[in-house]
Structure formats: structure tokens, C-alpha cells
Amino acid sequence: QVQLVESGGGLVQAGGSLRLSCAATGRTFSWYTMGWFRQAPGKEREFVGGISGNGGTTYYADFVKGRFTISRDNAKNTVYLQMNSLKPEDTAIYYCAAIHQRTVPVTSYEYDYWGQGTQVTVSS
């Protein structure tokens with residue numbers, strides 16, 4: 001079992017930045033590929049990006065490339081989502097997820113463990 005807890009969400013103006021954190025407890029953190037997803041009201045959950053267990057591979061959705069960066073600190077059992085140049089359309093609940101495999105899946109159903117989510121609101 002892996003338990004995930006997100007933090008760092010909040011209200012920010014367009015063009016601003018936020019850094020989300022996802023702290024994991026349970027199994028060996030470096031075994032797990034980590035993904036970030038988001039879900040806006042009335043919309044389906046969508047892939048934002050992901051990072052492999054050793055941090056060597058990252059993959060991003062097209063709509064965040066160049067603005068968001070995913071990193072991880074396996075010594076701290078934490079994965080981060082640095083979000084820059086935020087837009088109102090980035091407003092959503094952001095979730096982290098984990099899966100015990102080397103590749104980075106982009107579909108939510110492939111992930112085994114989920115956090116409770118953290119709200120990000122970007123005002124115009």
C-alpha cells in the first residue's frame with residue numbers, strides 16, 4: 001500500500017506560480033512512477049505529467065509543456081509539480097498518483113494509488 005498526500009494548492013493570479021507537493025508513505029518510493037492529474041468542474045480527469053521512479057524520465061501533456069515541471073526527491077518520498085505562467089484554465093483539483101512500473105502511463109485507470117487532491121484556482 002502507498003498513501004499519498006498533496007499540498008501546496010491555493011489561489012493565484014494569472015501569470016503566477018505554485019508548487020504542489022505529494023508526500024508518499026508506505027512502500028519504497030523509488031519503485032513507483034508518479035503521475036499528476038487534474039480535474040476541472042464538469043470535466044474528466046486529465047493527465048498533466050509524470051516521472052519515472054528514478055526521475056530519469058518525465059512526460060508532459062502538451063498543454064503544460066514549457067510551463068510545468070515535475071521533479072522528485074526519493075530521499076524525502078516526495079514528488080513536486082512546479083507550475084509557472086498559470087492560466088485561468090489551469091483551475092482544477094490536482095491529484096498525484098502512483099503505479100509500480102517503469103514507464104509513465106497517461107491514463108488515470110492505470111494508476112493504483114491516489115491522493116485526495118489539492119485545489120488550484122487561477123484568477124484572471
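Preceding this section is the structure that the text describes.
All values reported here derive from a predicted model rather than from experimental measurement.

Rules behind the numbers
- Residues numbered from 1 in each chain as written.
- Predicted model: local features only at pLDDT ≥ 70, side-chain atom pairs only at ≥ 80, totals over all residues.
- Heavy atoms only, no water.
- Disulfide = S-S within 2.5 Å.
- Helix = DSSP H or I, 4+ residues; strand = E, 2+ residues; numbered from the N terminus.
- Pairing = 2+ DSSP bridges.
- Axes fitted to C-alpha atoms, helices over the stretch in contact; angles between N-to-C directions.
- Contact = heavy atoms within 4.5 Å.
- Buried < 20%, exposed > 50% of the residue type's maximum accessible area, 1.4 Å probe, protein only.
- Salt bridge = Lys/Arg side-chain N within 4 Å of Asp/Glu carboxyl O.

**Remarks on the state of the cysteines**
Taken as a whole and assessed by the stated rule, the structure comprises one disulfide. A disulfide bridge connects C22 with C96, and the sulfur atoms are separated by 2.0 Å. The chirality of the disulfide connecting C22 with C96 is right-handed, given an S-S dihedral of about 55°. Residue C22 is located in strand β3 (residues 18-26), and its partner C96 is located in strand β9 (residues 92-99); the two are separated by 74 residues in the primary sequence.

**Remarks on the sheet that holds strand β7 (residues 68-73)**
Taking strand neighbours across the sheet as the criterion, the four strands line up as β1-β3-β8-β7 in an open arrangement whose pairing is antiparallel. The two strands at the open ends of the sheet, each matched to only one other strand, are β1 (2-7) and β7. This sheet shows a mean twist of 15° between the axes of neighbouring strands, independent of strand direction.

**A short note on the environment of A14**
Residue position: A14 is located in the loop between β2 (10-13) and β3. With near-sequence residues (within four places) excluded, A14 lies in contact with L86, P88, V122, S123 and S124.

**Structural notes on the pairing of strand β8 (residues 78-83)**
With respect to burial, β8 is a largely interior element, five of its six residues being buried. Bridge analysis of β3 against β8 gives six bridges, and the strand direction is antiparallel. Residue C22 lies in a different strand from β8, and its bridge partner there is V79. As paired strands, β7 and β8 are joined by six bridges and run antiparallel to one another. Counted as the bridge partner of F68 is M83 from β8. Where β7 folds back onto β8 in an antiparallel hairpin, the turn is made up of four residues, including N77, whose phi is positive at roughly 55°.

**Let's talk about the pattern of salt bridges**
Two side chains carrying opposite charge are able to pair once their charged atoms lie near each other. What the rule picks out here adds up to four salt bridges. For the salt bridge of R38 with E46, the shortest nitrogen-to-oxygen distance reads 2.7 Å. Look at R38 and you get buried, because its relative accessible area is 7%. The class of E46 is partly exposed, set by a relative accessible area of 31%. Linking D90 and R67 is a salt bridge whose minimum nitrogen-to-oxygen distance equals 2.7 Å. Pair noted here: D90 is in the loop between β8 and β9 and R67 is in the loop between β6 (58-60) and β7, with a separation of 23 residues, a long-range link. Across the pair, R67 and D90 agree in class, each one buried. What emerges from the salt-bridge pattern is a single network uniting R38, E46, R67 and D90.

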